[in-house]
Amino acid sequence: MRNERHDEPLSSTELELFLQYLHRFANHDLDLFALMQVGDPEHPVYVSFSRKPEAGVDPEAYRRP
């Protein structure tokens, strides 16, 4: 299921689905951590998912959608 609409933002419905899938991923698929590179290959975004906050970052700094 690939969506080639990379040149436009998510709709409200798509954003809600993304957050639902992200919660499911965190609850059922994430063990200790996951590292991903996404976005434009020329200007990638590096994403880290972890069960612990980044070193030196107060857990209160994280926004919960």
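Structure: above.
The notes below deal with the structure included here. Sequence order as written defines the numbering, with residues in each chain counted from 1. Only residues with pLDDT of at least 70 are given local features in this predicted model, and only at 80 or more are side-chain atom pairs given and counted; all residues enter the totals for whole chains, interfaces and linings. Note that water and hydrogens are dropped before the side-chain values are worked out from all heavy atoms of the structure.

## Remarks on the overall build of the protein
The helix and strand inventory of the protein stands at one helix and two strands. Across the protein, helices and strands are ordered from the amino to the carboxyl terminus as α-β-β. All radius of gyration figures rest on C-alpha atoms, and the globule criterion is 2.2 Å times the number of residues raised to 0.38. Here the protein has a C-alpha radius of gyration of 14 Å; the compact-globule value for 65 residues is 11 Å, and the former is much larger. Seen along its three principal axes, the alpha-carbon backbone of the protein occupies a region of about 35 × 30 × 20 Å. Accessibility here uses a 1.4 Å probe with only protein chains present; expressed as a share of the type maximum, an area under 20% marks a residue as buried, one over 50% as exposed, and anything in between as partly exposed. Each of the 65 residues in the protein was classed as buried or not, and the buried ones make up 3%. Should any heavy atoms of two residues lie within 4.5 Å, those residues are counted as being in contact. A fraction of 15% describes how many contacts in the protein between residues 6 or more apart in sequence connect residues 24 or more apart. Counting only carbon and sulfur atoms, one obtains 54% of the accessible surface of the protein, whose full area is about 6500 Å². The averaged location of the 12 negative side-chain charges in the protein is 8 Å from the averaged location of its 7 positive side-chain charges. Strands are runs of DSSP state E lasting at least 2 residues, helices are runs of H or I lasting at least 4, and numbering of each runs from the N terminus. Residue exposure ignores everything except the shown protein chains as possible cover, and the areas themselves are Shrake-Rupley values with a 1.4 Å probe. All tallies of charge rest on Lys and Arg as positive and Asp and Glu as negative; His and the ends of each chain are not included. For the purpose of locating charges, the reference atoms are NZ of Lys, CZ of Arg, CG of Asp and CD of Glu.

## Focus: the packing of aromatic side chains
In this description, a pair of aromatic rings is defined by centroid distance and the angle of the planes. Two rings from Phe, Tyr or Trp (for Trp, the six-membered ring) form a pair when their centres are within 6.5 Å of each other. A pair whose planes differ by under 30 degrees is stacked, one over 60 is edge-to-face, and the rest are tilted. A full pass over the atoms with the stated rule returns one aromatic pair. When the centroid spacing of 5.5 Å and the interplanar angle of 65 degrees are considered together, the rings of F25 and F49 count as edge-to-face. Of this pair, F25 sits in helix α1 (residues 12–28) while F49 sits in strand β2 (residues 45–50), placing them 24 residues apart in sequence.

## Let's talk about the layout of surface pockets
Cavities and pockets were defined on a 1 Å grid built over protein atoms only: a cavity is a set of grid points that admits a 1.4 Å probe from which the probe cannot escape, a pocket is an open set flanked by protein on both sides within 12 Å along at least five of seven lines, and lining residues are those with an atom within 4 Å of any such point. Grid points are joined across faces, edges and corners, and a volume is the space filled by probe spheres set on the points. Its volume calculated, the second largest pocket comes out at about 740 Å³. Forming the walls of the second largest pocket are 19 residues, and the residues nearest its centre are A26, S50, Y62, R63 and R64. Among the elements of the structure, α1 and β2 are those that each provide at least two residues to the lining of the second largest pocket. With six residues, α1 is the single largest residue contributor to the lining of the second largest pocket. Here the residues of the lining of the second largest pocket are counted per class, giving 10 nonpolar, four polar and five charged. Here the nonpolar group is Ala, Val, Leu, Ile, Met, Phe, Trp, Tyr, Cys and Pro; Asp, Glu, Lys and Arg are the charged ones; every other residue, Gly included, is treated as polar.

## Regarding the pairing of strand β1 (residues 33–38)
Two strands qualify as a pair provided that DSSP identifies no fewer than 2 bridges between them. Relative to β2, β1 runs antiparallel, the two being bridged by six bridges. Note on β2: the bridge partner recorded for Q37 is Y46. The loop that links β1 with its antiparallel partner β2 comprises six residues; one of these, G39, has a positive phi angle of about 90 degrees.

## Digging into the environment of V57
Residue position: V57 is located in the segment after β2. Residue classification places V57 among the partly exposed residues on the basis of a relative accessible area of 35%.

Worth remembering: the numbers are spatial, not functional.
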